[in-house]
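Coordinates in review
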Amino acid sequence: MPLLFAAALAGAALALAGGEFVARRMSDATLETHLTEMVARSDEIADEAARMLVAANTDMAATCSELDLALLRERIFVSRFIRDVGRLDGDRILCTAAWGQLDLPTPLDPPDYEAPSGARVWTASRNPAARRITTDMVSLGRTIVFISDAAYDFMRNEGRLVFSYARSTGRVFRTGDGTPTRSLNVRPTAGGVLLEGRVYPAACSRRFDICIAVASGDRGMLGQPMPVVAGVGLLGALAGAASALAMTQWRRPGGSIEHDLRRALAAGRLRLVYQPVVRVRDGVVVGAEGLIRWDRPDGGEIPPDLFVPVAERTGLSGELARYVLIRALDEMAPHLTGPGDFRLALNVTTMDLLDPDIFDLLETETRRLGIAPERIALEITERSTAEYQQLAPAVARYRHRGYRIHIDDFGTGYSSLAHLGELPVDAIKIDRLFTRAIGTGAISASIVPQIFALAGLLGAEVIVEGIETEAQACHLAVEHPDALGQGWFFGRPVPARDFTI
Ligand SMILES: Nc1nc2c(ncn2[C@@H]2O[C@@H]3COP(=O)(O)O[C@H]4[C@@H](O)[C@H](n5cnc6c(=O)[nH]c(N)nc65)O[C@@H]4COP(=O)(O)O[C@H]3[C@H]2O)c(=O)[nH]1
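Because the structure is predicted, anything quoted here is derived from the model rather than measured.

1. Some points on the environment of Phe-410
If you trace the backbone, Phe-410 turns up in strand S20 (residues 404–410). Exposure remark for Phe-410: the relative accessible area of 2% places this residue in the buried category. Sequence spacing of Phe-410 and Ile-430 is 20 residues, and the spatial spacing of their C-alpha atoms is 4.8 Å.

Here you go:
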């Protein structure tokens, strides 16, 4: 209890001190420039959405026909901020470029905001066609666009509150820290806008009904209205107490996923499974991807999507990567040293790739086992390539030694195309989001062939992920005979002992 109390006090003090520091950080002049820059960025996003809506509304192809979907795919392929575009029948989504024709028209919730132009806006909503993705959506007429969540990174990395709102209604659209905005409204006042008793300097777009406001430093945190100071202090106290609780929990055996993961790694309880990678035209197995598995004592599995991010957050990523490297190379050595050029792909995080110890370990292990570096591929997600300047030297070092670098989940990030040329890679893996759309639209004119064309220019192979049906496999075999593929249709991930070539 005393620990909790002390942590809460320390948290409150830290939050207030931090608030004071951040609040005083910027002078009015820099603040104004900064606001103008943020408005310009928000304009770019709105502009791209508006242009895409207007252009897509004038497409002549029948709604959701093959040609229509193909044209929509071309549009998202060249856009910076739009992740997907779809067709509506009233309040229901019929099809989208990424998902093709939906099995059932998907209803939309009532919009958060309707612009005078007739555009309707949904902020930070679950994408109705792919609920794991959070997105802003804007519709006009029969078209709806889905904005990449990463487009708003500029509001997030501020260290102080930034939010956007509609000039006409004062309705808050989005906050940089993810605070729910449903009931937030601002009122114009001298020096900016008033939100919950506090004045925020703001700047508005000249073209769209959008303004951006940001917490300024002019009055300092302790000069703010009492409820705000008390709120920040209370939040800090809660955060302090929560951290103390979390630390207690962490120390309690079996108390946290991080603790359990650490123990499972130390005890060698994680295992690997291998999914075949095949040449699509004849189904010949050319390699495998190693995927980590963590079994629960009750027989279930903890999905890697859950514990890999925990490993990354808690500094266990390197340990996990070392574990995977040692075990996977050892288990697959018979295939990797045999005739032919069977290859093994392993997932690594950006941190792992930048860690020289991982490089050294890979060198030691491949030498020990007699595996040629060309047989090993490291896969990094497309999203991480946004840090390409930092990654480039490490990627070059691996490739120079002969190891292969693959870009995973291609199509789900947002920096992709611009940076690909600057980060040479050996293969691009098309995310299964796009594979699902294969055969549902006019694929000959869609995004998939364009990725192939781009890969051809860059001299990279293409691996298509998530092939589940014969139709998808046949389509690829005909259209892209050199493609490599991976998916349940060709084979589920299995332990090394059950893996056959
Ligand atoms: N619906 C569908 N899914 C298919 C199909 N074929 C394969 N999959 C699944 O798709 C995922 C492909 O791996 P990923 O994109 O690298 O995505 C991986 C990867 O990002 C991460 N991960 C897995 N193993 C490791 C690892 O050893 N280290 C690191 N850092 N991350 C890993 O966790 C993610 C999820 O892994 P898994 O759950 O094993 O999920 C795997 C695989 O089981 C298909 O036809 N249909």
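2. Examining the state of the cysteines
The tally for this structure, following the rule as stated, stands at two disulfides. Disulfide pairing is shown between Cys-64 and Cys-95; the S-S distance is 2.0 Å. Between Cys-64 and Cys-95, the S-S torsion sits near -85 degrees, and that sign places the bridge as left-handed. Of this pair, Cys-64 sits in the loop between helix H2 (28–57) and helix H3 (66–77) while Cys-95 is found in strand S2 (residues 92–96), placing the two residues 31 residues apart along the sequence. Each of the two residues, Cys-64 as well as Cys-95, counts as buried. With its disulfide-bonded cysteines labelled consecutively along the sequence, the protein chain is connected as 1-2, 3-4.

3. Topic: the packing of helix H6 (residues 257–266) against helix H7 (residues 304–313)
At a closest axis distance of 10 Å, the pairing of H6 and H7 adopts a crossing angle of 90 degrees. Looking at the two axes, H6 sits roughly perpendicular to H7. Note on element contacts: H7 touches H6 through Leu-306, Phe-307, Val-310 and Ala-311, opposite Ile-257, Glu-258 and Leu-261. Partitioned by chemical class, the residues of the contact of H6 with H7 number six nonpolar, no polar and one charged.

4. Examining the packing of aromatic side chains
Scanning the model with the defined rule gives nine aromatic pairs in all. When the ring of Phe-342 is compared with that of Phe-499, the centres are 5.9 Å apart and the planes differ by 70 degrees; the resulting orientation is edge-to-face. Here Phe-342, found in the loop between helix H8 (317–336) and strand S18 (343–347), pairs with Phe-499, found in the segment after strand S23 (484–485); they are 157 residues apart in sequence, far enough to count as distant. Neither Phe-342 nor Phe-499 differs from the other in exposure class; each is buried. Here the aromatic rings of Phe-359 and Tyr-403 are separated by 6.3 Å at their centres, their planes lie at 80 degrees, and the arrangement is edge-to-face. You can see Phe-359 sitting in helix H10 (residues 356–369) and its partner Tyr-403 sitting in the loop between helix H11 (388–401) and S20, a full 44 residues away along the chain. This pair shows no difference in class: Phe-359 is buried, exactly as Tyr-403 is. Chaining the aromatic ring pairs together yields one cluster made of Phe-163, Tyr-165 and Tyr-200. Looking at Arg-397, its charged tip hangs above the ring of Phe-359, at a distance of 3.8 Å from the centre. Here the guanidinium or amino end of Arg-492 rests over the ring plane of Trp-488, the centre of that ring lying 3.9 Å away.

5. Concerning the pairing of strand S8 (residues 162–165)
What you see with S8 is no split at all: Val-162 and Ser-164 on one side and Phe-163 and Tyr-165 on the other are buried throughout. As defined by bridge partners, S8 adjoins strand S14 (residues 211–214) across four bridges and the pair is classed as antiparallel. When the sheet's bridge partners are listed, Ser-164 is paired in S14 with Ile-212. Bridge count between S8 and strand S9 (residues 172–175): three bridges; the pairing is antiparallel. Across the sheet, residue Tyr-165 finds its bridge partner in S9, namely Val-172. The antiparallel pairing of S8 with S9 creates a hairpin that spans six residues between the two strands, and Gly-170 there sits at a positive phi of about 80 degrees.

Calculation notes
- Residues numbered from 1 in each chain as written.
- Predicted model: local features only at pLDDT ≥ 70, side-chain atom pairs only at ≥ 80, totals over all residues.
- Heavy atoms only, no water.
- Helix = DSSP H or I, 4+ residues; strand = E, 2+ residues; numbered from the N terminus.
- Buried < 20%, exposed > 50% of the residue type's maximum accessible area, 1.4 Å probe, protein only.
- Disulfide = S-S within 2.5 Å.
- Axes fitted to C-alpha atoms, helices over the stretch in contact; angles between N-to-C directions.
- Parallel < 35°, antiparallel > 145°, perpendicular 65-115°, else oblique.
- Contact = heavy atoms within 4.5 Å.
- Nonpolar A, V, L, I, M, F, W, Y, C, P; charged D, E, K, R; others polar.
- Phe/Tyr/Trp six-rings, centres within 6.5 Å; stacked < 30°, edge-to-face > 60°.
- Lys NZ or Arg CZ within 6 Å of the ring centre and 35° of its normal.
- Pairing = 2+ DSSP bridges.

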